[in-house]
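Close look at the chain arrangement
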Amino acid sequence: HNAKEQGVDIRRYVPLMQMKAAERLKMENDLRRALERDEFYLEYQPQVQLSTKELVGMEALLRWQHPKRGIVSPVEFIPVAEESGLIVPIGEWVLTTACRQNKEWQTAGYRPICVSVNLSMRQFLQPNLAGKIGEFLKRIGLDPCYVDLEITESMTLDKEKAFEQLKRLKELGVFISIDDFGTGYSSLHYLKNMPIDRLKIDRSFVSEVMEDSNNAAIVSTITSMAHHLKLKVTAEGVENEDQLQFLRQQRCHEAQGYFFSKPVRAQEFENIFLKSATFGMPS
Ligand code: C2E
Ligand code: MG
Ligand code: MG
Ligand code: MG
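Residues numbered from 1 in each chain as written. Chains lettered and ligands numbered in written order. Predicted model: local features only at pLDDT ≥ 70, side-chain atom pairs only at ≥ 80, totals over all residues. Heavy atoms only, no water.

**Some thoughts on the packing of helix 6 (residues 129–140) against helix 7 (residues 159–172)**
Defined as follows: To get an axis, a line is fitted to the C-alpha atoms, and for a helix only the part in contact is used. The angle between two axes follows their N-to-C directions and goes from 0 to 180 degrees. In this description a helix means any DSSP run of H or I spanning at least four residues, a strand means any run of E spanning at least two, and both kinds are numbered starting from the N terminus. For classification purposes, an angle smaller than 35 degrees is called roughly parallel, one larger than 145 roughly antiparallel, one from 65 to 115 roughly perpendicular, and anything else oblique. The hand of a helix crossing depends on one turn: near helix anticlockwise from the far one by less than a right angle means left-handed, and clockwise means right-handed. Contacts are assigned to residue pairs that have any heavy atoms within 4.5 Å of one another. When residues are sorted by character, Ala, Val, Leu, Ile, Met, Phe, Trp, Tyr, Cys and Pro go into the nonpolar class, Asp, Glu, Lys and Arg into the charged class, and all the rest, Gly among them, into the polar class.
Direction vectors running N to C along helix 6 and helix 7 enclose 20°, while the axes themselves pass 9 Å from each other. Classified by the interaxial angle, the pair formed by helix 6 and helix 7 is roughly parallel. When the axes of helix 6 and helix 7 are compared, the crossing they make is right-handed. Residue-level inspection shows Leu129, Ala130, Ile133 and Gly134 of helix 6 in contact with helix 7, the latter providing Gln165, Arg168, Leu169 and Leu172. Residue classes in the contact of helix 6 with helix 7 are distributed as five nonpolar, two polar and one charged.

Here's what the structure looks like:
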């Protein structure tokens, strides 16, 4: 079997392949203890509605404060966590922490926004995922409409399984996004049939959108297709005003990127975005 047939996103495994076996084993052992030792934390990146410039959501991004190495990038450790299966308990920690934080902010009286959480393949394929998430959300009192689960195209390669899983998640009432859209293998057929809510246009297309006319064509096509399919569309990796203007012209719904803010810790997110009347967005 090649990687594509097994539904593996090759890009995620490039760092893994470059890593020496000993290095990898060491990281796996460190990861195994990281949860108990409380070395993970989340950062949140704002998502902005382009028509109103309002803060409408945030993406939770996992960070690892390694005792010796300092902050390790998720690009480096997520593939190791995925391969070892540790991503399941780690991902559960991310989901519960992000949802609790969102609920806490709602309880404190901030205007409700949606929290996006990245799911890994193994997490997504867990048999009772929707049931577990539903129970948890009920327990903490967070309305599922304020939770967005980000999956990637490669996770839907097993069409039947993905469809069933997505259907259960949609019945629960959570939002479903396809992350890094345009870099995977999805067909138009599956876009038409999968119960999803949103496409997140991959940063690689957005970042060169002003320089590369092919990227501009791709962004414009994805946006227009999303409109026709009645899906929401969010641009990732918006770094400057020109890109933002282009996305506005295309009637892209939402954007996320360094132009608005890098991902920040909860405290900073609260101070900058939730406490400001204009949601701290540049005008
Ligand atoms: P992603 O889900 O596509 O997240 C977006 C990534 O782009 C984040 O990198 C974010 O910091 C970065 N980014 C956002 N805006 C900009 C911008 O304007 N310019 C540039 N150059 N970068 C921008 P990060 O935090 O390093 O995460 C990388 C990837 O690691 C994520 O990509 C996601 O695939 C994975 N990841 C992060 N947290 C989790 C998690 O909790 N669970 C799982 N399964 N994967 C995660
Ligand atoms: Mg994401
Ligand atoms: Mg992405
Ligand atoms: Mg990505």
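**Examining the packing of aromatic side chains**
Spelled out, the test is: Between 30 and 60 degrees the pair is tilted, below 30 it is stacked and above 60 it is edge-to-face, where a pair is any two Phe, Tyr or Trp rings, Trp via its six-membered ring, whose centres lie within 6.5 Å. Here's how the labels work: a residue is buried when its accessible area is under 20% of the maximum for its type, exposed when over 50%, partly exposed in between, all with a 1.4 Å probe on protein chains only. Note on geometry: a ring has a charge over it if NZ (lysine) or CZ (arginine) is within 6 Å of the ring centre and within 35 degrees of the ring normal.
A complete count under the given rule lists nine aromatic pairs for this structure. Judged by centre distance (6.1 Å) and plane angle (40°), the rings of phenylalanine 40 and tryptophan 64 are tilted. Linking phenylalanine 40 in strand 1 (residues 40–49) with tryptophan 64 in strand 2 (residues 54–66), this pair joins segments that are 24 residues apart in sequence. Taking the relative accessible area as the measure of exposure, phenylalanine 40 reaches 5% and is therefore buried. In this structure, lysine 262 packs its charged tip against the face of tyrosine 258, placed 4.8 Å from the ring centre. The aromatic ring of tyrosine 41 is capped on one face by arginine 265, whose charged end is 3.7 Å from the ring centroid.

**Observations concerning the side chain of serine 261**
Its place among the elements puts serine 261 in the loop between strand 9 (254–255) and strand 10 (264–265). Looking at serine 261, the relative accessible area reads 9%, which means it is buried. If sequence neighbours within four positions are ignored, serine 261 has contacts with Gln45, Pro46 and Phe273.

**Looking at the coordination of the magnesium ion (ligand 3)**
The condition that has to hold: Because water is not among the atoms used, a metal site may look incomplete, as its donors are only the N, O and S atoms within 2.8 Å, or 3.2 Å for Na, K and Ca.
All of the protein donors around the magnesium ion (ligand 3) are Asp179 (OD), Asp180 (OD), Glu236 (OE) and Glu236 (OE); their distances to the metal are 2.1 to 2.5 Å. Each donor residue of the magnesium ion (ligand 3) belongs to the same chain, with the gaps between them written as D-D-x55-E. In this structure the magnesium ion (ligand 2) is found 4.0 Å away from the magnesium ion (ligand 3), and aspartate 179 serves as a bridging donor for the pair. One end of the pair, aspartate 180, is in strand 6 (residues 175–181); the other, glutamate 236, is in the loop between strand 8 (232–235) and helix 11 (241–249), and 56 residues separate them in sequence. Note on aspartate 180: relative accessible area 15%, which makes it buried. Its relative accessible area of 10% is what places glutamate 236 among the buried residues.

**Focus on the packing of helix 2 (residues 21–34) against helix 3 (residues 74–84)**
Viewed as axis vectors pointing N to C, helix 2 and helix 3 meet at an angle of 80°, and their least axial separation amounts to 10 Å. The angle between helix 2 and helix 3 falls in the class roughly perpendicular. Contacts from Arg24, Met27, Glu28 and Leu31 of helix 2 reach helix 3 at Glu76, Phe77, Val80, Ala81, Glu83 and Ser84. For the contact of helix 2 with helix 3, the residue count by class is five nonpolar, one polar and four charged.

**So, the pattern of salt bridges**
Put simply, the test is: The salt bridge criterion pairs a side-chain nitrogen of Lys or Arg with a carboxyl oxygen of Asp or Glu, the two atoms within 4 Å.
Scanning the model with the defined rule gives 15 salt bridges in all. Linking aspartate 30 and arginine 33 is a salt bridge whose minimum nitrogen-to-oxygen distance equals 3.9 Å. Separated by three residues within a single helix, aspartate 30 and arginine 33 lie in helix 2, roughly one turn from each other. For aspartate 30, a relative accessible area of 13% puts it in the buried group. Linked by salt bridges that have partners in common, Glu59, Glu150, Lys200 and Glu236 make up one network.

**Section: unusual backbone geometry**
Of note, lysine 53 is a non-glycine position whose phi angle comes to about 60°, a positive value. Mapped onto the fold, lysine 53 is located in the loop between strand 1 and strand 2. Phi angles above zero are rare outside glycine, and arginine 251 is one such case at about 60°. Within the secondary structure, arginine 251 is located in the loop between helix 11 and strand 9.

**Let's talk about the nonpolar core**
Under the convention used in this document: Residues enter a nonpolar core if they are buried and are Ala, Val, Leu, Ile, Met, Phe, Trp, Tyr or Cys, with the set joined through side-chain atoms within 4.5 Å.
Core analysis: the biggest nonpolar cluster contains 80 residues, and Leu31, Tyr44, Leu199 and Phe269 have the highest contact counts within it. The leading source of residues in this core is helix 4 (residues 87–107), at seven residues.

**Regarding the site of ligand 1**
Rule in force here: Summary of the distance rule: residues count as near a molecule or strand when at least one heavy atom falls within 4 Å of that molecule or strand. N or O atoms closer than or at 3.5 Å make up a polar contact, with two conditions inside protein: a donor-capable atom paired with an acceptor-capable one, and, for residues adjacent in sequence, both atoms drawn from side chains. Each accessible area is a Shrake-Rupley estimate made with a 1.4 Å probe; only the visible protein chains count as cover when residues are assessed.
Inspection of the region around ligand 1 gives 24 residues, with Arg63, Asn118, Asp179, Glu239 and Tyr258 positioned closest. Glutamate 236 is positioned with one of its side-chain polar atoms (N or O) 3.2 Å from an oxygen atom of ligand 1. Relative to its unbound accessible area of 800 Å², ligand 1 is 88% covered by the protein chains. When residues of the shell around ligand 1 are traced back to their parent elements, those giving at least two are strand 2, helix 3 and strand 6. Among the elements that take part in the shell around ligand 1, strand 2 stands out by supplying four residues, more than any other. In terms of residue class, the shell around ligand 1 is made up of 10 nonpolar, five polar and nine charged.

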